[in-house]
Amino acid sequence: MSDIAAVQERYARFARVEAPHRSPLYARWAAGVAGDPRSAGILARIPPEHRQPPLVFAVTRMLGSGLVAYPAWAAWLDAHADAVVAECRARGVQTNEPLRCAAMLPALAAIPGPLAVIEVGASAGLCLYPDRYSYRYRSDDGVVAIDPVDGPSRVVLAAQWRGPAPRLRMPDIIWRAGIDLQPRDAREAADRAWLTGLVWPGEDGRAARVEAALDVAAADPPLLVAGDAATALPELAARAPRGATLVVTTPGVLAHVPRARRERIAATARGLGRWVTLDAPGLHAAVAGAWAPQAAAGEWPNGAFALAIDGRVMAAVDPLGAIVRPIGADWEWHPGSAPSRQ
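Residues numbered from 1 in each chain as written. Predicted model: local features only at pLDDT ≥ 70, side-chain atom pairs only at ≥ 80, totals over all residues. Heavy atoms only, no water.

Colleague: Provide a residue-level description of the environment of A322, including the pertinent values.
Modeller: With respect to the helices and strands, the residue A322 is situated in the loop between β10 (312–317) and β11 (323–326). Distance from A322 to D3, taken between C-alpha atoms, is 35 Å for residues 319 residues apart in sequence. Beyond its immediate stretch of four places on either side in the chain, A322 contacts L99, A159 and Q160. (Helix = DSSP H or I, 4+ residues; strand = E, 2+ residues; numbered from the N terminus. Contact = heavy atoms within 4.5 Å.)

Colleague: Talk me through the packing of aromatic side chains; I want residue IDs and the actual numbers.
Modeller: A full pass over the atoms with the stated rule returns 13 aromatic pairs. Residues Y70 and W73 carry aromatic rings whose centres are separated by 5.9 Å and whose planes lie at 35 degrees to one another, so their mutual orientation is tilted. On the criterion of helical spacing, the pair formed by Y70 and W73 is a turn pair, its members being 3 residues apart in helix α5 (residues 70–79). Residue Y70 is classed as buried on the basis of its relative accessible area, which comes to 15%. (Phe/Tyr/Trp six-rings, centres within 6.5 Å; stacked < 30°, edge-to-face > 60°. Buried < 20%, exposed > 50% of the residue type's maximum accessible area, 1.4 Å probe, protein only.)

Colleague: If you had to explain the pattern of salt bridges to someone new, which residues and values would you point to?
Modeller: Within this structure, the stated rule accounts for 19 salt bridges. R187 serves as the salt-bridge partner of D185, at 3.0 Å between the closest nitrogen and oxygen. What makes D185 partly exposed here is its relative accessible area of 23%. Among the ionic pairs, D310 bridges to R274, the shortest N-O distance being 2.6 Å. Of the two residues, D310 is situated in the loop between β9 (305–309) and β10 and R274 in strand β8 (residues 274–279); the sequence distance between them amounts to 36 residues. When its relative accessible area of 28% is taken as the criterion, R274 is described as partly exposed. One connected set of salt bridges, linked through shared partners, spans R22, E97, E203, R206 and R209. (Salt bridge = Lys/Arg side-chain N within 4 Å of Asp/Glu carboxyl O.)

What is shown is where atoms sit, not what they do.
Dropping the structure here:
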């Protein structure tokens, strides 16, 4: 298959499967590329690992395409092809979605603290602050509210809990750090603009949520290091305070890592402490084996990610954290205070 045909196929799938329910504009842009050899030819100049539709579309918006109809976008792309290709080569998808903390909180609540948390693919570190956000879980029994110890947060993460009301607590996090190939600084205007620009048009409220979470990170910046997680994890883990349980998290990042390095990251994380992942279950052997029985029994929702601790699947979750569906009845919650009800 030629590079142009590969681009057209990739964008056709994005238009058909991934974008329609999140961003009608991105669906139209992707469908346009799928049927336009000239635009596809421009994007074929970008290395495959840097030509994902969300990345390309965010770059074009950052460079000034505007939220326009496809013909105008294609004309703009044609006039700015070299700049788009160069910028895409230099960037990667860095979707810092704090709502993923609503999906990870059950796992973090199950691990006795205090915790030292390292996030792989941290970007600006917005998923390093689960203890600084407020949560509202809508369950079969009503709404469960969980707030930081010092009171409600400006960042309120709302999610559906499929089943009886959860009994959760805030994790006791005393140290936080992250690894990324290109760490972003929540205090820098350019980095903030890039991260909010990665929000898809049509995702109401998400940009405001990211902005509010950026304020949380800017007020108390985490330790962020640049590097490949497969090699950087042990050195960073050595900097964690003694007496804390080390937890390595991989929220929605491993799909962007080649398989051999994925398995190495997972093995390294498990060797250093506890490993909490929020990723497609088939990506790594440790989770795929635990996930297989639920998939075979038809219990796995289509397109759901797996929330897992040390390879043990605890829940099926929406990739961005909006839905949590517990799997089985043997969740081992660490004892904590009962959540409030609204």
